[in-house]
Amino acid sequence: MSDSVDRSTKISLLKEPVVKRVCDALDKSSDRGWRRLGEIVGGERRLRVSSNDMEMCSLKVLELEGSPSRMLLRLMGERGCTTGHLMDYLVTLGNTEAVQCLKTSALQILIQPQSLALISGHNLRLSCHAVGKSPVQYQWFKRHEEVPNCSSPDLVISPVHLKDAGFYICRVNCGDTFEFSKWAQVDVLNVTRSYAPGQSYHSLEGRLKLAIQPQSQQLHVGEALQLECGAVGRPIPRYQWHRNGVPILNGTKRKLMIPHVMLDHHGRYRCEISSSSERMWTNEVDVVIAPRISVQITGATECSEDDFYAIGGGCSELFLNSVPEQLYATDKVALLIGNLSYRNHPQLKAPMVDVYDLTNLLRQLNFKVVSLLDLTESEMRNAVDEFLLLLHKGVYGLLYYAGHGYENYGNSFMVPVDAPNPYRSANCLCVQSILKLMQEKETDLNVFLLDMCRKRNFHDDSTPNVVLRVTANIVFGYATCQDAEAFELSSSGFTNGVFVKFLKKRLLDNEKITVVLDRVAEDMGQFDATKGKQALEIRSSLSERRALTDPIQPCDSADLAHADSRQWAKAHELPESMSLDFDCGAQIKLGFAAEFSNVLVIYTHIVKKPEDMSFCQAHVTDFSQELDVDPKEMNRETPEETGIYLLSSSLPQHCLYTRLSSLQKLREELVFTVCLQVTFPAMDDDPVHWTKSINIGKPLIARLDLHRAMRRNSCLQTCLMPHSPSHSPCHSPRPEHCLHLHHGLYQAQDHSRLSPLHHAYEHPQGAVGGSGDSYYENLSRCHTASLSSSPGRPSIPIEASDDINELQTVFINSLQLQQP
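Residues numbered from 1 in each chain as written. Predicted model: local features only at pLDDT ≥ 70, side-chain atom pairs only at ≥ 80, totals over all residues. Heavy atoms only, no water.

J.: Sorry, what's going on with the overall build of the chain here?
T.: From N to C terminus, the chain includes 15 helices and 43 strands. Taken across its 820 residues, the chain has 50% of its residues classed as buried. Counting contacts in the chain only where the partners sit at least 6 residues apart, residues at least 24 apart contribute 72% of the total. (Helix = DSSP H or I, 4+ residues; strand = E, 2+ residues; numbered from the N terminus. Buried < 20%, exposed > 50% of the residue type's maximum accessible area, 1.4 Å probe, protein only. Contact = heavy atoms within 4.5 Å.)

See below:
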């Protein structure tokens with residue numbers, strides 16, 4: 001056996017462990033690393049590694065576990081670089097460690113054991129095959145213990161039992177050299193029904209089969225919740241539990257356990273089960289949580305059961321201890337709008353993160369949520385109209401807005417992304433006018449969370465004549481006080497605005513909504529960065545203990561509400577994933593995900609590639625010009641490259657990703673082309689193309705036609721009521737050290753220092769702010785692939801099994817001295 005791999009082998013065909021070792025050696029070296037390798041290769045005309053290529057490689061350091069060396073090797077491989085060429089370049093570079101990685105070891109494991117899930121009573125087989133310069137020996141382990149009489153390449157347990165579940169690994173010896181295989185997890189399901197008697201597990205291999213469905217549960221506060229599902233297949237299935245359509249943090253095992261449930265754990269649960277090429281869902285089940293009622297009896301007395309429940313019986317006083325009357329909503333509906341990409345005003349960043357986080361939290365509270373980014377005036381008005389259609393007697397309605405705004409004479413105005421400069425009330429939406437329409441619906445709770453500036457707009461001297469009824473169900477949460485600004489903080493990644501930064505920590509609390517906002521105000525008051533500049537203001541007429549956590553109890557006569565809800569639900573359904581078969585024998589999976597109600601993610605994945613192909617890739621193209629898709633951000637290898645920062649962790653890997661925003665602008669069905677590009681060695685690797693036209697209808701919010709002309713009875717009519725004559729007061733002289741707006745930042749008049757705050761939702765037309773006192777946070781920002789998650793609640797999901805990665809290092813180290 002030669003000491004190195006075949007020099008004619010293309011580096012794109014190198015095995016992953018070899019590539020990883022080479023990349024690690026190059027990434028960690030400063031003077032003999034990937035940059036110097038790029039300079040050497042750049043001098044070779046046949047590979048053409050340019051300065052732009054090197055810049056693309058350098059950007060990989062911004063990604064989680066990103067490797068510039070891997071990107072460089074991929075570019076070299078695409079341009080025909082062989083292992084022999086790479087070996088010569090590494091020798092020239094002088095990186096002996098990287099050169100050694102390309103040498104063939106005296107012992108190589110060719111077949112690794114695969115994790116799998118199977119049913120108790122079936123036959124288990126794990127395989128590990130290796131080659132060496134001398135005969136090889138095998139020894140299987142389960143965790144840290146040797147498996148008796150298992151010294152062959154195949155570990156066979158027939159039949160397998162529940163006790164056999166766990167983690168297995170194989171040690172292979174060749175003379176004085178030994179290697180460990182990869183870990184393999186075996187999950188054994190206890191299923192009462194079974195497949196055909198004596199059926200081997202291999203007859204089920206390669207396909208996911210659902211074996212255990214979760215069951216609905218009714219629990220009391222403080223009891224333990226355990227939901228279980230299960231599927232069989234090889235490789236072992238992956239699990240992700242969802243509650244009310246939202247992925248549960250750390251809910252990635254077969255069994256979801258919450259040791260002490262709270263009221264806000266009630267909802268509808270289901271689990272997404274997937275493998276490398278398949279995905280399925282379990283049934284959706286209801287988990288009902290009832291409060292515990294404690295009864296206190298004053299004095300010693302003897303009562304019968306009838307006496308206990310009798311009103312005015314002869315017993316001593318009985319009362320419920322701290323258990324208020326449970327209030328219900330007939331439904332819960334939320335409209336969330338985040339405007340950030342303004343055409344004529346400063347751009348914002350935080351609204352996208354804020355809307356995304358609040359969407360996930362409100363769905364956990366059983367709200368029907370629509371989340372929209374970057375709406376024009378007509379689109380905002382039509383979205384409000386659709387929102388109003390879902391409001392009926394007893395409904396809880398919540399409107400959240402983040403973007404530019406202003407307040408004149410007690411009326412708040414939300415600024416659309418197409419508002420002119422300067423803008424006036426006729427170009428904006430009046431919040432009080434929307435409230436007036438909500439009052440007509442006889443809702444039980446109207447909540448407005450306005451994350452925007454409340455400065456005077458001196459360009460607008462009109463006053464909307466909005467007459468509101470006196471009702472005891474209105475709550476306003478303003479991100480800042482009257483005649484003040486709201487801020488977003490600058491940081492190295494995506495962050496929330498100040499308001500949502502603290503709101504998301506309290507939103508799931510089972511408290512009256514005004515109590516929740518009071519606590520948010522207290523938290524904001526302790527934040528040094530905005531102390532003295534931004535403070536939450538609460539206005540409320542709420543007389544009952546209404547909470548966002550209140551359960552839903554539909555009314556008896558709800559036919560109209562159900563019809564509107566069905567229409568709304570249709571507008572939030574994702575297109576079905578599909579498999580595309582091409583004449584060349586390749587099979588492509590086309591999948592879809594929703595980042596917001598008007599933002600669709602499309603991803604393509606190669607499911608089947610014929611052996612005679614050297615390269616196979618599928619990309620999407622030919623989208624409607626209404627969507628204004630940038631071709632440079634389509635069909636990228638990571639979600640982050642195409643602008644998908646918030647949803648990236650829940651998308652499948654090894655795909656090409658495309659993000660389509662502004663779906664509300666679609667006037668026709670969405671039709672696009674899937675283009676398959678392949679190369680064959682027999683055709684000198686010249687690319688060959690196949691195409692398919694795909695029609696997915698109107699996805700998500702596009703079905704509601706928000707682009708249409710405004711309705712006669714829309715909120716436009718109330719927003720543009722006759723104005724009372726008024727004149728804005730004269731500008732007072734500016735203080736010597738006031739801050740001026742300058743490209744989204746506040747700047748001291750003497751220019752000696754900058755405040756650390758972006759003026760996030762400011763009135764960008766002459767507002768005056770307070771002075772900045774200190775430099776609290778870094779002003780620079782760049783997009784990153786991850787967001788910090790919401791703070792954990794007292795009872796968070798606890799998983800039932802360990803992770804393979806947690807075993808690897810400790811276990812292998814413990815076995816180093818155990819070789820024969």
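J.: Can you help me understand helix α8 (residues 350-364) in this one?
T.: For α8, with 15 residues, the first-to-last C-alpha span of 22 Å sits near the 21 Å given by 1.5 Å per residue. By the criterion of burial, α8 is predominantly enclosed, with 13 of the 15 residues buried. (Expected span 1.5 Å × (residues − 1).)

J.: Explain the nonpolar core here, please?
T.: One broad rule of soluble globular proteins: the nonpolar side chains tend to lie buried together. In this structure, Leu 398 and Phe 672 are the most contacted members of the largest nonpolar core, which totals 131 residues. Excluding its chain neighbours within four sequence positions, the residues that come into contact with Leu 398 are Val 333, Ala 334, Leu 335, Leu 336, Leu 362, Phe 367, Phe 387, Val 447, Leu 449 and Leu 548. (Core = buried A, V, L, I, M, F, W, Y, C linked by side-chain atoms within 4.5 Å.)

J.: I keep staring at the pattern of salt bridges and nothing clicks. Help me out?
T.: Between side chains of opposite charge, pairing is possible as soon as their charged atoms come close. For the structure shown, the criterion picks out 34 salt bridges. With a closest N to O distance of 3.4 Å, Arg 546 and Asp 444 form a salt bridge. Placement of the pair is Arg 546 in the loop between β32 (537-540) and α13 (559-570) and Asp 444 in the loop between α10 (431-439) and β29 (445-451), with a sequence separation of 102 residues. Given a relative accessible area of 7%, Arg 546 falls into the buried group. Ionic pairing is found between Lys 698 and Asp 705, a salt bridge with its closest N-O pair at 2.7 Å. A cluster of three or more residues bridged by salt bridges with shared partners is formed by Glu 407, Arg 454, Glu 537 and Arg 539. (Salt bridge = Lys/Arg side-chain N within 4 Å of Asp/Glu carboxyl O.)

J.: I keep staring at the layout of surface pockets and nothing clicks. Help me out?
T.: If you roll a probe as big as a water molecule over the atoms, it shows you where there is empty space left. By volume, the second largest pocket is sized at about 860 Å³. If you go around the second largest pocket, you meet 30 residues; those closest to its centre are Ser 341, Asp 374, Glu 633, Arg 659 and Ser 661. (1 Å grid on protein atoms, 1.4 Å probe; cavity = no way out; pocket = protein on both sides within 12 Å on 5 of 7 lines; lining within 4 Å. Points joined across faces, edges and corners; volume = space filled by probe spheres on them.)

J.: Honestly, the side chain of Ser 662 in this entry has me stumped. Any pointers?
T.: Its location among the elements puts Ser 662 in the loop between β37 (656-660) and β38 (671-679). Exposure remark for Ser 662: the relative accessible area of 16% places this residue in the buried category. If near-sequence neighbours (up to four positions away) are discounted, Ser 662 is found in contact with Asn 598 and Leu 627.

J.: Would you mind going over the packing of aromatic side chains with me for this structure?
T.: Both the distance between ring centres and the angle between the ring planes are used here to describe each pair of aromatic rings. Overall, the coordinates contain eight aromatic pairs when judged by the stated rule. Consider the rings of Phe 448 and Phe 476, whose centres lie 4.9 Å apart with planes at 10°: the pair is stacked. Within this pair, whereas Phe 448 is found in strand β29, its partner Phe 476 is found in strand β30 (residues 474-478), the two being separated by 28 residues in sequence. Judged on exposure class, the residue Phe 448 and its partner Phe 476 are both buried. Following the ring pairs from residue to residue traces out a cluster consisting of Tyr 406, Phe 413 and Tyr 423. (Phe/Tyr/Trp six-rings, centres within 6.5 Å; stacked < 30°, edge-to-face > 60°.)

J.: For this particular structure, what's the right way to read the sheet that holds strand β35 (residues 599-608)?
T.: Strand order in the open sheet formed by four strands is β33-β34-β35-β37, and the pairing between neighbours is antiparallel. Strands at the two margins of the open sheet, each flanked by one partner only, are β33 (578-581) and β37. Each strand axis lies, on average, 25° off the axis of its neighbour in the sheet, ignoring direction. Pairing geometry for β33 and strand β34 (residues 587-596), over four bridges, is antiparallel. Paired with Asp 581 across the bridge in β34 is Gln 587. (Pairing = 2+ DSSP bridges. Axes fitted to C-alpha atoms, helices over the stretch in contact; angles between N-to-C directions.)

J.: For this particular structure, what's the right way to read the packing of helix α1 (residues 16-27) against helix α4 (residues 68-78)?
T.: Relative orientation and spacing of two packed helices are given, respectively, by the angle between their axes and the distance between those axes. The interhelical angle for the contact between α1 and α4, taken along N-to-C directions, is 120°, at an axis separation of 8 Å. Relative to α4, the element α1 is oriented oblique. Considering only the axes of α1 and α4, their crossing is right-handed. Residues Glu 16, Val 19, Lys 20, Val 22, Cys 23, Leu 26 and Asp 27 of α1 touch α4, and the partners they reach there are Pro 68, Ser 69, Arg 70 and Leu 73. (Parallel < 35°, antiparallel > 145°, perpendicular 65-115°, else oblique. Left-handed = near helix turned anticlockwise from the far one by under 90°.)

J.: Looking at this model, I keep getting lost on the sheet that holds strand β39 (residues 688-695). Mind explaining?
T.: What holds strands together in a sheet is hydrogen bonding between their backbones, with the strands either parallel or antiparallel. Strand order in the open sheet formed by three strands is β36-β38-β39, with antiparallel pairing between adjacent strands. Strands at the two margins of the open sheet, each flanked by one partner only, are β36 (615-621) and β39. Averaged over all neighbouring strand pairs, the angle between strand axes comes to 20°, with direction disregarded. Summarising the sheet, β36 and β38 pair through seven bridges and their orientation is antiparallel. Its bridge partner lying in β38, Thr 621 is registered against Thr 673.

J.: What exactly am I supposed to notice about the packing of α8 against helix α11 (residues 498-506) here?
T.: In contact at an axis separation of 10 Å, α8 and α11 are set at 15° when each is read in the N-to-C sense. The angle between α8 and α11 places the two elements in the roughly parallel class. Where α8 crosses over α11, the two elements pack in a sense that is left-handed. Counted together, Asp 354, Asp 357, Leu 358 and Leu 361 of α8 and Val 500, Leu 503 and Lys 504 of α11 form the full contact between these two elements.

J.: Is there a simple way to explain unusual backbone geometry in this structure?
T.: Trans peptide bonds make up most of the peptide bonds, and negative phi angles are found at most residues other than glycine. Put simply, Ser 158 and Pro 159 share a cis peptide bond, and its omega is -5°. Along the chain, Pro 159 turns up in the loop between β7 (154-157) and β8 (166-174). Although it is not a glycine, Asn 149 sits at a positive phi angle of roughly 60°. Here Asn 149 is to be found in the loop between β6 (145-146) and β7. One non-glycine residue with positive phi stands out, namely Asn 366, at about 70°. Within the secondary structure, Asn 366 is located in the loop between α8 and β24 (368-373). Given the relative accessible area of 19%, Asn 366 is considered buried.

J.: Help me understand the environment of Asp 164, please; the structure alone is not making it clear to me.
T.: With respect to the secondary-structure elements, Asp 164 resides in the loop between β7 and β8. When neighbours within four sequence positions are excluded, Asp 164 is seen to be in contact with Lys 142, Ile 157, Pro 159, Val 186 and Val 188.

J.: Where do I start with the environment of Ile 169 in this structure?
T.: Inspection of the secondary structure assignment puts Ile 169 in strand β8. Relative accessible area serves as the criterion here: at 0%, Ile 169 is assigned to the buried category. Between the C-alpha atom of Ile 169 and that of Phe 180, which follows or precedes it by eleven residues, the distance is 7.1 Å.

J.: How do you make sense of a nonpolar patch on the surface when you look at a structure like this?
T.: A surface patch of nonpolar side chains, about 240 Å² in accessible area, is lined by Leu 110, Ile 111 and Val 131. As for its position among the elements, Val 131 is in strand β4 (residues 129-132). The class of Val 131 is partly exposed, set by a relative accessible area of 33%. (Patch = residues over 30% accessible without salt bridge, like charges linked within 9 Å, V, L, I, M, F, W, Y side chains within 5 Å. Areas by Shrake-Rupley, 256 points an atom, 1.4 Å probe, with all protein chains shown as cover.)

J.: How should I be thinking about the confidence of the model for the chain in this particular structure?
T.: Summarising the model, the chain shows a mean pLDDT of 78, and 77% of its residues fall at 70 or more. Predicted confidence for residues 716-802 stays below pLDDT 50, and this span has 232 contacts to residues more than four positions away or in other chains. (pLDDT = per-residue confidence, 0-100.)

J.: In this structure, what is going on with the pairing of strand β15 (residues 238-243)? I would like to understand it.
T.: In terms of burial, β15 is a largely internal element, five of the six residues being buried. Bridge count for β15 against strand β18 (residues 267-274) is six bridges, and the pairing is antiparallel. Within β18, the position partnered with Trp 241 by the bridge is Cys 271. Between the end of β15 and the start of strand β16 (residues 246-247), which pair antiparallel, lie two residues, with Asn 244 showing a positive phi angle near 55°.

J.: Is there a simple way to explain the side chain of Asn 598 in this structure?
T.: Turning to its location among the elements, Asn 598 is positioned in the loop between β34 and β35. What makes Asn 598 buried here is its relative accessible area of 1%. Apart from residues lying up to four places away in sequence, Asn 598 is in contact with Ser 371, Leu 372, Leu 373, Leu 375, Leu 660, Ser 661, Ser 662, Leu 663, Gln 664 and Ile 701.

J.: Is there a simple way to think about the environment of Gly 80 in this case?
T.: Inspection of the secondary structure assignment puts Gly 80 in the loop between α4 and α5 (83-93). Residue Gly 80 is classed as partly exposed on the basis of its relative accessible area, which comes to 32%. Linking Gly 80 and Ile 11, residues 69 residues apart in sequence, is a C-alpha distance of 8.2 Å.

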